[in-house]
Amino acid sequence: MALLDDNFLLGNDMAKKLFNDYAKDMPIIDFHCHLNPKEIYENKNYPNITRIWLNEGVYGDHYKWRQERTNGVPEELITGDGDEYQKFLAWAETIESALGNPLYEWTHLELKRFFHIDEVLSRKTAPDIWKKANAELQTDAFKPRNLIKNSNVKAVCTTDDPASDLHYHKLLKETEAENGFRTLPAMRPDKLIQVDRDGFADYLKELSEVSGVKITSFKTMIDAVKQRFEFFSEMGGRLSDHSLLTYHFIEASDSELNAIFDKGVNNEELSPKEVDQYLTALLENLMKLNKEFDWTMQFHINSIRDLNRPMFDKLGPDTGYDAVGTQPDIADQMAKLYTKMQITHDIPKTIFYSLNDNDWMQLATMMGAFQEGGKQRLQLGAGWWFNDTAEGMDEQLRVFAEESLLPNFVGMLTDSRSFLSYPRHEYFRRVLCNFYGKLAEQGRVPDDEEMLGKVVQNICYNNAYNFFKFFPDKTPDEIFGKLTVNN
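The shown structure was predicted, so the numbers you read here are calculated from the model rather than taken from an experiment.

Notes on the nonpolar core
With 154 residues, the main nonpolar core has Phe 31, Met 221 and Tyr 436 as its most contacted residues. A total of 10 residues in this core trace back to one element, the largest contributor, which is helix α21 (residues 449-468). Beyond its immediate chain neighbours, meaning those up to four positions away, Met 221 contacts Leu 192, Phe 200, Leu 204, Ile 215, Phe 261, Tyr 278 and Leu 282. Judged by nonpolar contacts, the second largest core, of 5 residues, contains Trp 65, Val 73, Ile 78 and Ala 90.

Structure representation (structure tokens):
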């Protein structure tokens, strides 16, 4: 079998039919990514493949960076100011040793789908690929908006701080019809969570100024956050996202909470218990706001960030020094939070992602205890980060199917900083079609192409369209031409 041939990841005839006849051409709703709205708006061509692939704009691809370090590439040719052609050669040499790593497949899939390059990337072929790719990058097709549009993407949800003025979202909203897709904000209140870090007081000043709410207490902080929910909603926002490296459910009285808040503002040392008390109260209020505004709340849990402290001090976060978390009871702690919020019926639509797949079964079964008020309001999110592999995706589908109702799943997201990451949706769709193809082959689901095809299409696009409500003002036909949306 040739590398990435038409049937890669598709193990039988049913899988091939489901992908080619049902999944392949479905639109994409990318409901969680880290694309920069400024770069989408400015819509500039990238000068070379290094800039769009390895060091894109203000971001970089830490997936690639950590493997380059593993392959002995000097930091000058990773995050440093080394020559960009030499950086590309270093990546080409790294990819030669990446057989079996999903980066190998993603790299070649992106070369094939965007650049129409079928060559295997290596140190030997890199000079020719460099020339071909760079020539393509200067064409209109490789401007960011066209990369999104031509990937059949209908909505892009970026990751935005509550204090953001969403300036570029406003500008993009004016060009929506021309773009052919929507760029929507999703709230990520990391700086609110970081009560025990330097800069908390400065951040509250920023939040106070942008919201128009004078923040003097925990309650007034929540009032300011509510104003931001209102503003984000006006801009089309329908999701929030919350990174919890570790978490313990510990309640606090109002007086305890205000004392913790004051300590945070004054940059005084907080105990682990106090941090968890603050975080518990904050999450409770954020859950209420997500429910009130009919948003979907995403939790990314159980990761370990910035293990290499000297390199963190030098390069900052998201530079390739993270790992799978090992808090064994984090799903149990989330269950305690949800048990508390069920009393007042303040559980919003929720998607749980855990970087540690040992949590998946507990999360999937825990969610089943709180499903009410609509179809599959709580979901086990797609295989995330280190689980974003063919095997990880397949395992997440298995757990979802066995412990819940997989045909209700909202499907895949890129979670990426790169405009070239959309083939990951194709990758997921192939895994999905193979999953159902195997079940049909084993006689575990009907050998019914039309029925399974509808399920696949719903997971690829239709479920996300219905679940997130990104298009309340117009039908998909009015915005994007004729699409089939199954209820």
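Let's pick the thread back up.
Quick look at the pattern of salt bridges
For the coordinates displayed, the defined rule picks out 26 salt bridges. The closest approach of N and O atoms between Lys 38 and Glu 42, which form a salt bridge, is 2.9 Å. In this pair, Lys 38 and Glu 42 are both assigned in helix α2 (residues 37-42), 4 residues apart and thus about one turn of the helix distant. Between Lys 132 and Glu 119 there is a salt bridge, with the nearest N and O atoms lying 3.0 Å from each other. Of this pair, Lys 132 sits in helix α7 (residues 126-137) while Glu 119 sits in the loop between α6 (102-115) and α7, placing them 13 residues apart in sequence.

Observations concerning the layout of surface pockets
The computed volume of the largest pocket comes to approximately 1,700 Å³. Lining the largest pocket are 46 residues; nearest its centre among them are Arg 188, Asp 190, Gln 194, Arg 197 and Ser 243. Put simply, the parts of the chain that give the lining of the largest pocket at least two residues each are α4 (62-70), α11 (190-193), β4 (239-244), α15 (272-292) and α16 (309-315). In terms of residues, the lining of the largest pocket owes the most to one element, α15, which gives 4 residues. Tallied by class, the residues present in the lining of the largest pocket amount to 18 nonpolar, 13 polar and 15 charged. Its volume calculated, the second largest pocket comes out at about 530 Å³. Lining the second largest pocket are 23 residues, with Arg 113, Asn 150, Ser 151, Pro 423 and Glu 426 positioned closest to its centre.

Rules behind the numbers
- Each chain has its residues counted from 1, following the order in which its sequence is written.
- Note on the predicted model: pLDDT of at least 70 is required for a residue's local features to be given, and 80 or more for side-chain atom pairs to be given and counted; whole-chain, interface and lining totals, by contrast, use all residues.
- For the side-chain quantities, the full set of heavy atoms in the structure was used; hydrogens and water were omitted.
- Residues belong to one nonpolar core when they are buried, are Ala, Val, Leu, Ile, Met, Phe, Trp, Tyr or Cys, and are joined through side-chain atoms within 4.5 Å.
- Accessibility here uses a 1.4 Å probe with only protein chains present; expressed as a share of the type maximum, an area under 20% marks a residue as buried, one over 50% as exposed, and anything in between as partly exposed.
- The numbering of helices and of strands both runs from the N terminus, where a helix is a DSSP run of H or I of at least 4 residues and a strand a run of E of at least 2.
- Two residues form a contact once any of their heavy atoms are found within 4.5 Å.
- Definition used for salt bridges: Asp or Glu carboxyl oxygen within 4 Å of a side-chain nitrogen of Lys or Arg.
- Grid spacing is 1 Å over the protein atoms alone, the probe is 1.4 Å, and a cavity is where that probe fits but cannot get out, while a pocket is an open set with protein on both sides within 12 Å along at least five of seven lines and lining residues have an atom within 4 Å of a point.
- Grid points are joined across faces, edges and corners, and a volume is the space filled by probe spheres set on the points.
- Under the grouping applied here, Gly and all other residues not named as nonpolar or charged are polar, the nonpolar ones being Ala, Val, Leu, Ile, Met, Phe, Trp, Tyr, Cys and Pro and the charged ones Asp, Glu, Lys and Arg.

So, to be careful, I would describe these as geometric facts and stop short of saying anything about function.
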